[in-house]
Amino acid sequence: MENMFVNPPGECDSKSATDSERTLYPYVTGTSVVAVKYKDGILMAADTGGSYGSTLRYKSVERMKAIGKHSVLGASGEISDFQEILRYLDELILYDNMWDDGNSLGPKEVHNYLNRVMYNRRNKFNPLWNSLVLGGVKNGQKYLGMVSMIGVHFEDNHVATGFGNHLARPILRDEWHEDMSFEEAVKLLEKCMLVLLYRDRSAINKIQIAQVTEAGFNTFQPYALKTFWGFSAFENPSKGAVGTW
C-alpha cells in the first residue's frame, strides 16, 4: 500500500536550511518591570526570576541593561528575545559610535528605534515576545517610555509592564510626584514590587534596581524584600468563595 503521507514533489523530509525559525511561544520568561522618574533621573526595578513555563527555574536573571551613554532598558517576557534585542542595540550603538561626531543616541532615539523594531516584527507575524521599558537622561531631560510586543508605545512619568500595568500603576498614580528624592522613589518601587510579589505567581522577592542620571548608569546589587504572609486572606484564601476546595 502506498504511503498516504508522502511529501509533495521537491520537498524533502529534513528541514531546509532556508526555513525560518520563530518564537511561537515564550519558554523562559521574566515578569513585571516598574520604572519612575524622580528628581535626578530614572529608577527602574525588576525581580531576578526566570520562569520555565510555570516553574520558577532561574533565580538570578538580570533584565535591565545599559544602552549607550544615556539609557537603560528593562524587559518582561521571553529572555532569549530580550537577548536578541540587546544584540540589535549593540549594533546600533556601535554604528553610532563609528561616526565619531561627538553626538550619541539618547533615550528618545533608542525608544523610537525599538518602536519600529517591535512593530516591524509584529507585521511579519514573527514578534519579539517582550514588553520593554526604556528610560534615560540626556542634556538634563528625563525620558521614560514603554513599547509592547506589537509596537504599542507611549511616554509617561511612570510605567510598568505585565501584572505591574494592573497592580502597580494605581499605586504609582496615587503616590508619585515629580520632585521625589532617590530614597522616596526606591521606597515606592519596593512597595510596587512587594504587591506584585504577593499577587503574581511568577514573581520572587529578590529584586534589582537600576539608576540612570546625567552622570551615567548604575545597577545596584540584587537584594531580598521583607515579606509578611500572615494576612488572613493568605491563610484561608478559599474562605467565602463558593464552590472552591
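What counts, and where the lines are drawn
- Residues numbered from 1 in each chain as written.
- Predicted model: local features only at pLDDT ≥ 70, side-chain atom pairs only at ≥ 80, totals over all residues.
- Heavy atoms only, no water.
- Helix = DSSP H or I, 4+ residues; strand = E, 2+ residues; numbered from the N terminus.
- Buried < 20%, exposed > 50% of the residue type's maximum accessible area, 1.4 Å probe, protein only.
- Contact = heavy atoms within 4.5 Å.
- Areas by Shrake-Rupley, 256 points an atom, 1.4 Å probe, with all protein chains shown as cover.
- Lys, Arg positive; Asp, Glu negative; His and termini not counted.
- Charge placed at Lys NZ, Arg CZ, Asp CG, Glu CD.
- Patch = residues over 30% accessible without salt bridge, like charges linked within 9 Å, V, L, I, M, F, W, Y side chains within 5 Å.
- Salt bridge = Lys/Arg side-chain N within 4 Å of Asp/Glu carboxyl O.
- Phe/Tyr/Trp six-rings, centres within 6.5 Å; stacked < 30°, edge-to-face > 60°.
- Pairing = 2+ DSSP bridges.
- pLDDT = per-residue confidence, 0-100.

**Student:** Whenever I open this one, the overall build of the chain confuses me. Can you help?
**Tutor:** Along its length, the chain carries six helices and 14 strands. Counting the 245 residues in the chain, one finds 44% classified as buried. Considering only intrachain contacts with a sequence separation of at least 6, the fraction spanning at least 24 residues in the chain is 61%. For the chain, the exposed area adds up to about 14400 Å²; of that, 53% sits on carbon and sulfur atoms. Taken as two groups, the 26 positive and 29 negative side-chain charges of the chain have centres that lie 5 Å from each other.

**Student:** Can you walk me through the environment of Val-117 in this structure?
**Tutor:** Inspection of the secondary structure puts Val-117 in helix H2 (residues 107-123). Take Val-117: its relative accessible area is 13%, and that puts it in the buried class. Considering only alpha carbons, one finds Val-117 and Tyr-88, 29 residues apart in sequence, at a separation of 9.2 Å. Leave out the neighbours within four places in its chain, and Val-117 touches Tyr-88 and Leu-128.

**Student:** Honestly, a negative patch on the surface in this entry has me stumped. Any pointers?
**Tutor:** On the surface, Glu-178, Asp-179, Glu-183 and Glu-184 cluster together to form a negatively charged patch. Following the sequence through the fold, Glu-183 ends up in helix H5 (residues 182-199). The class for Glu-183 is exposed, based on a relative accessible area of 55%.

**Student:** What is the right way to look at the packing of aromatic side chains in this model?
**Tutor:** Each aromatic ring pair is specified by the distance between its two centres and by the angle formed by the two planes. Going through the model one piece at a time under the given rule, you end up with seven aromatic pairs. Summarising the aromatic geometry, the rings of Tyr-95 and Trp-99 are spaced 6.1 Å apart at their centres and angled 90 degrees between planes, so their arrangement reads as edge-to-face. Their ring planes at 85 degrees and their centres at 5.0 Å tell us that Tyr-198 and Trp-229 sit as a pair that is edge-to-face. Residue Tyr-198 is located in helix H5, and its partner Trp-229 is located in the loop between strand S14 (223-224) and helix H6 (232-235); the two are separated by 31 residues in the primary sequence. Exposure remark for Trp-229: the relative accessible area of 46% places this residue in the partly exposed category. Here a set of aromatic residues connected by ring pairs shows up, and it is made of Tyr-198, Phe-228, Trp-229 and Phe-231.

**Student:** Where do I start with the pairing of strand S8 (residues 130-138) in this structure?
**Tutor:** Side-chain direction in a regular strand flips from residue to residue, so the side chains alternate between the two faces of the sheet. When you tally the buried positions in S8, you get eight out of nine residues, the bulk of the element. Judged from the seven bridges that link them, strand S7 (residues 71-78) and S8 form a sheet pairing that is antiparallel. Paired with Ala-75 across the two strands is Leu-132, which belongs to S8. From the end of S8 to the start of strand S9 (residues 141-147), which pair antiparallel, there are two residues, and Asn-139 there has a positive phi angle of about 55 degrees.

**Student:** Any chance you could explain the confidence of the model for the chain here in plain terms?
**Tutor:** Detail in the predicted coordinates should be disregarded across regions flagged by low pLDDT. Scored by pLDDT, the chain has a mean of 90; 90% of the residues are at 70 or more. Overall, residues 4-11 carries pLDDT values under 50, and its contacts beyond four positions in sequence, including any with other chains, amount to two contacts.

**Student:** Looking at this structure, how should I read the pairing of strand S13 (residues 216-219)?
**Tutor:** Inspection of the sheet shows strand S12 (residues 206-213) paired to S13 by four bridges, in the antiparallel sense. By the bridge assignment, Gln-211 is partnered in S13 with Asn-218. Between S12 and S13, which pair antiparallel one after the other, the connecting turn spans two residues.

**Student:** Sorry, what's going on with the pattern of salt bridges here?
**Tutor:** Where side chains of opposite charge bring their charged atoms close, a pairing between them can arise. Here the structure, examined in full by the defined rule, presents six salt bridges. Between Asp-47 and Arg-63 there is a salt bridge, with its nearest N and O atoms 2.9 Å apart. Note that Asp-47 is positioned in strand S3 (residues 41-47) and Arg-63 in the loop between strand S5 (55-58) and strand S6 (64-67), a separation of 16 residues in sequence. The burial state of Asp-47 is the same as that of Arg-63; both residues are buried. Between Arg-87 and Glu-91 there is a salt bridge whose closest N-O contact spans 3.0 Å. In this pair, Arg-87 and Glu-91 both sit in helix H1 (residues 79-98), four residues apart, roughly one turn of the helix. Looking at Arg-87, the relative accessible area reads 39%, which means it is partly exposed. For Glu-91, a relative accessible area of 46% puts it in the partly exposed group.

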